[in-house]
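# Structural overview
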Amino acid sequence: MTLEREELRDDWTVTLAGGTAAPDGVAGRTVPATVPGQVHTDLEREGLLADPTSDRNEGAGRWVGRSDWLYRRSVDVDPRGHERVDLVCDGLDTVAEVSLGGVVIGTTRNMHRRYRFDARDQSGRDDGGQAGPKDLEILFESPYREAGRVAARAGSMPGPYDEPFPYVRKMASNFGWDWGLTAVTSGPWRPVAIERWSTARLREVRPLVDVEAGEGVLDAHVTVERSGPAGDGASTADLDHDGEDDDLVLVVTVSGEDAEGATTRQRSRAQLTAKDDETVVTVRVPDARRWWPRGYGEQPLYDVVVELQTVEGEVLDRDVFRTGFRSARIDTAADTIGKPFGVHVNGTLVDVRGVNWIPDDVIVSRVDRGRYADRLHAAAALGVNLVRVWGGGVYESRDFYELCDELGLLVWQDFAFACSAYPETEPIRSEVVAEARDNVARLSRHPSLVVWNGNNENIWLHDADGWAEELGDRGWGLDYYLDLLPTIVDAVDPSRFYTVGSPWSGDEALPANDVDHETHHSWEAWNRLPDSAYRESVPRFVSEFGWQAPPAWRTLRDAVTDDPLHVDSPGVVHHQKADDGMGKLARGIEPRFGAVAPSAFDEWHYLTQLQQTRAIATGVEHWRTHWPRNTGVVLWQLNDLWPVCSWSAIDSAGRLKPLAHEVRRLYDDVLLTIRPVASAASRRDGRPGGADQPPTSARDDGSAGSGDTADTLSLGSGSTALGTSPGAFGSSPIEVAVRSTRAGGDSVVRVRRITLDGAVLAEATLPVHLSAGVAVVALPEAVGIVDDPTRELVVADMGERRAVWTPAPDREMRWAPARFHARTEVDGGLVRVVVEAETVVRDLLLQPDRVAPEGAVDRGFVTLLPGERAVFRVRGVPGEAVGRLLEQPVLWSLDAVLG
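Just so you know, these numbers come straight off a predicted model, no measurement behind them.

### As for the overall build of the chain
Summing up its helical and strand segments, the chain has 18 helices and 42 strands in all. Scaling as 2.2 N^0.38, a compact globule of 899 residues should have a C-alpha radius of gyration of about 29 Å, and the chain matches this with 29 Å. By principal-axis analysis of the C-alpha atoms, the chain measures approximately 95 × 70 × 65 Å. Classification of the 899 residues of the chain by burial places 63% in the buried group. For the chain, the exposed area adds up to about 30400 Å²; of that, 46% sits on carbon and sulfur atoms. The centroid of the 96 positive side-chain charges in the chain is displaced by 3 Å from the centroid of its 142 negative side-chain charges.

What follows is the structure in structure tokens.
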């Protein structure tokens, strides 16, 4: 008989079961529960909890995480002719006791792993000889209580936050972060099911793939579980054996399309004797189509069916999934500089253009396949080819990785350790072993996964923050990262690369964040230095860097009811969690744009968005045009889990910030930039903060030109200098640099030095050979050096791409009032906002969400020269609101903001 799975999604209730004092109306009340789910959603739905992401409600909901919660429903555990009945929990958050019919059948203390409990002895008979329904209860204890017990044994673990996340194997950012609120959840966050089976089942399938001489190779590492002696609940007449002595057959079938579109099918089988519970079944696919990361080729996926059968051919269990054939390796071999971090797929060195991923909701069970699809499709559309799943979140669901497989998004997966010391004592150590083995095996089928990472910043901060004094001789996680985790990866999935941490220099003798060795986090810029500091080094691979800005206007307005909105409004300030975050935002915009009064919220919102795009452009343009010394940049961060000032490109409502549109330009296969000559002359070790100001966390330690496509021309702010005095820039030469991932092809770049009125002072047209590398174009003095940095711009155009160099800070530029004509054209649900410039129009921004909640636009900041035209394509704005698209501050240019 084939294994049967019955998911238990309906008829659940949840009740407060103890803990801290709850608000009136909660104690003794039983409410319907959503499963999979977490208790916050049920309390909100029933009006027992205000939305913690709105206004300053966060503090009023802290009691939820300090309470115990009892989930209950009735469940039928009749074997229905099978030998075994199992209760399967794909994810329990976090500290739980599971009872069936009043009998405890299991306990849990780890959100990050799956559990299976034998329910057959609980399927008692009623007087009629039939198995009756039983009460299934899952009692979730407050994570704080468990953490307190572990902390009492393990001792203090230094870290940046006053919350006990290191002591419990749970999503760390539930306890708050420098971009996250505190909302400590409990509940069955992934599916709960009853599985009935006989003889044997597939315990684990680990399909490891490679390509050998053009042939796809799939090694299916399969482990089976046999039913064992039948329990009382399985003692029916039709169960005449227990599966212990049966020979079994494994059949693995791989099917897909060849290069001509014809269906191919390859099959292999293996027999397991009664003494064998594991084997490897190898399937070879001749001339397999290779899976490539986005931008390097297609992503053909093959259907795989693994069947466990009796020798008579009866199917006992089946696992169905898709995978892709590719080879992957990470090159960290020492070179003349230090050590690179080169991601190679199918023998090709990949120009990594990545984003960091955090949980997409603080109530992470609310993130479904549709939400994943929205975020990941948006990332792919921005030119992203790698997603790093950060270690303070969760190991995401199957949906996430399947979408990455389909989209060609490489995955760098952190183990769940972030920004803190962690106990190496029990019970944490055993949980880490089980969690790591479970997830390495679970994710092994995904061709997108290329890197396992031991931790986020723990080794770096141990040294930078001086944890050793507090820790003494107690373990703090280093043994996990150097020994335990790599041993598990090597045993379970040796086809994947393991790196000790991020950042990591490859050697304990070197500073973890050394710019010349492997991975680097660049947080001095944002924390303590202007974004021009990005140009002072060329790290081998930047796995974190970023600059903050608030969410889209509508997202913040919906979350904060303060009226009027001011920069220092209590609600606005509450939706900023970074240490001195508002101060850093102010200090970021002041050198370039000047100070902003707290009451000038609209101006502040515009300028912080513009500063974010300018800062990120400075870093990415510099690093990408120093290929192959630098082989990758991974932006912090793609997404948000609540409406907050953060480093994200997409806010929690799914609205694209102007940064997202800038990333599309920066991550293009051909990136045109203007940069200072010899822009990488100096070196830094990249440490966040300084000896006189040690970091509390990388982003919080102070932790640490745009362009968009018009009809045929990318018209953007582009490269922008940040200086302190006009004279310093007038004699500074610049050059054009083009980063191309496309091999071959000749082009020309047109470079103009113009006045702010648009008059051309000098012009040069220069040849560019687009190789798969970097082309540096020296500029004649007439266009490469400006005479008056406050009254001139340098503009470079190459086909549809543009870069703009602003030689002095914008606050010192003598911007004239921009003159342009704007009109709207309505075409069904699409509105085109057509702008035609009479003068230079610098950093024109359209924000349709200010006139309609669903308003969205296809581009961010745009710079136009006299006579040029740009079209903004807008959706989600109803007819009666279309006219407002042309009003300030909905449509706003930099000169108008600066006044």
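### What to know about the nonpolar core
If you look at the biggest cluster of nonpolar residues, it comprises 141 residues, and the most contacted ones within it are Phe 415 and Tyr 481. Once residues lying within four places of it in the same chain are set aside, the contact partners of Phe 415 are Gly 391, Tyr 395, Ala 436, Val 440, Trp 452, Asn 453, Gly 454, Leu 485, Val 489 and Tyr 498. Residues Leu 49, Val 75, Val 77 and Phe 140 belong to the second largest nonpolar core, which totals 34 residues.

### Some remarks on the environment of Ala 334
Here Ala 334 is to be found in the loop between β18 (328-331) and β19 (342-345). Judged by relative accessible area, which is 63%, Ala 334 ranks as exposed. In this structure, the C-alpha to C-alpha distance between Ala 334 and Gly 506, residues 172 residues apart in sequence, is 9.8 Å.

### Description of helix α15 (residues 658-666)
Here α15 lies mainly inside the structure; eight of its nine residues are buried. Residues of α15 that are buried include every one of Pro 658, Leu 659, Ala 660, His 661, Glu 662, Val 663, Arg 665 and Leu 666, and no others. Those residues of α15 that are buried are in contact with α14 (601-624), β28 (632-635), β29 (670-676), β35 (801-805), β38 (841-846) and β39 (856-857).

### Describing the layout of surface pockets
In this structure, the second largest pocket encloses a volume near 480 Å³. Lining the second largest pocket are 26 residues, with Arg 655, Leu 656, Gly 855, Ala 856 and Val 857 sitting closest to its centre. Every element with two or more residues in the lining of the second largest pocket is listed here: α14, α15, β38, β39 and β41 (869-875). A per-class count over the lining of the second largest pocket returns eleven nonpolar, seven polar and eight charged.

### With respect to the pairing of strand β31 (residues 746-755)
As paired elements, β31 and strand β32 (residues 760-769) share nine bridges and run antiparallel to each other. Within β32, the position partnered with Asp 746 by the bridge is His 769. In sequence, β31 turns back onto β32 through a hairpin of four residues, with Gly 758 there showing a positive phi of about 100°. Inspection of the sheet shows β31 paired to strand β34 (residues 792-798) by six bridges, in the antiparallel sense. Its bridge partner lying in β34, Arg 753 is registered against Val 794.

### Digging into the sheet that holds strand β5 (residues 84-89)
Across the sheet, which stays open at both edges, the four strands sit in the order β1-β10-β5-β8 with antiparallel pairing between neighbours. The open sheet has two free edges, formed respectively by β1 (4-7) and β8 (115-118), since each of these has just one partner strand. When the angles between neighbouring strand axes are averaged without regard to direction, this sheet yields 25°. As paired strands, β5 and strand β10 (residues 192-197) are joined by six bridges and run antiparallel to one another. Paired with Val 85 across the bridge in β10 is Arg 196.

### Brief notes about the packing of helix α6 (residues 428-443) against helix α9 (residues 478-492)
The geometry of α6 relative to α9 is characterised by a closest axis approach of 10 Å and an angle of 35° between their N-to-C directions. As for the relative orientation of α6 and α9, their crossing is right-handed in sense. Between α6, through Ile 428, Arg 429, Val 432, Val 433, Ala 436, Arg 437, Val 440 and Ala 441, and α9, the contact on the second element is made entirely by Asp 479, Tyr 480, Leu 484, Leu 485, Ile 488, Val 489 and Val 492. When the residues that make up the contact of α6 with α9 are grouped by side-chain class, the tally is twelve nonpolar, no polar and three charged.

Rules used throughout
- Residues numbered from 1 in each chain as written.
- Predicted model: local features only at pLDDT ≥ 70, side-chain atom pairs only at ≥ 80, totals over all residues.
- Heavy atoms only, no water.
- Helix = DSSP H or I, 4+ residues; strand = E, 2+ residues; numbered from the N terminus.
- Rg over C-alpha atoms; globule rule 2.2 N^0.38 Å.
- Buried < 20%, exposed > 50% of the residue type's maximum accessible area, 1.4 Å probe, protein only.
- Areas by Shrake-Rupley, 256 points an atom, 1.4 Å probe, with all protein chains shown as cover.
- Lys, Arg positive; Asp, Glu negative; His and termini not counted.
- Charge placed at Lys NZ, Arg CZ, Asp CG, Glu CD.
- Core = buried A, V, L, I, M, F, W, Y, C linked by side-chain atoms within 4.5 Å.
- Contact = heavy atoms within 4.5 Å.
- 1 Å grid on protein atoms, 1.4 Å probe; cavity = no way out; pocket = protein on both sides within 12 Å on 5 of 7 lines; lining within 4 Å.
- Points joined across faces, edges and corners; volume = space filled by probe spheres on them.
- Nonpolar A, V, L, I, M, F, W, Y, C, P; charged D, E, K, R; others polar.
- Pairing = 2+ DSSP bridges.
- Axes fitted to C-alpha atoms, helices over the stretch in contact; angles between N-to-C directions.
- Left-handed = near helix turned anticlockwise from the far one by under 90°.

From the geometry alone we can't say anything about function, so treat these as descriptive.
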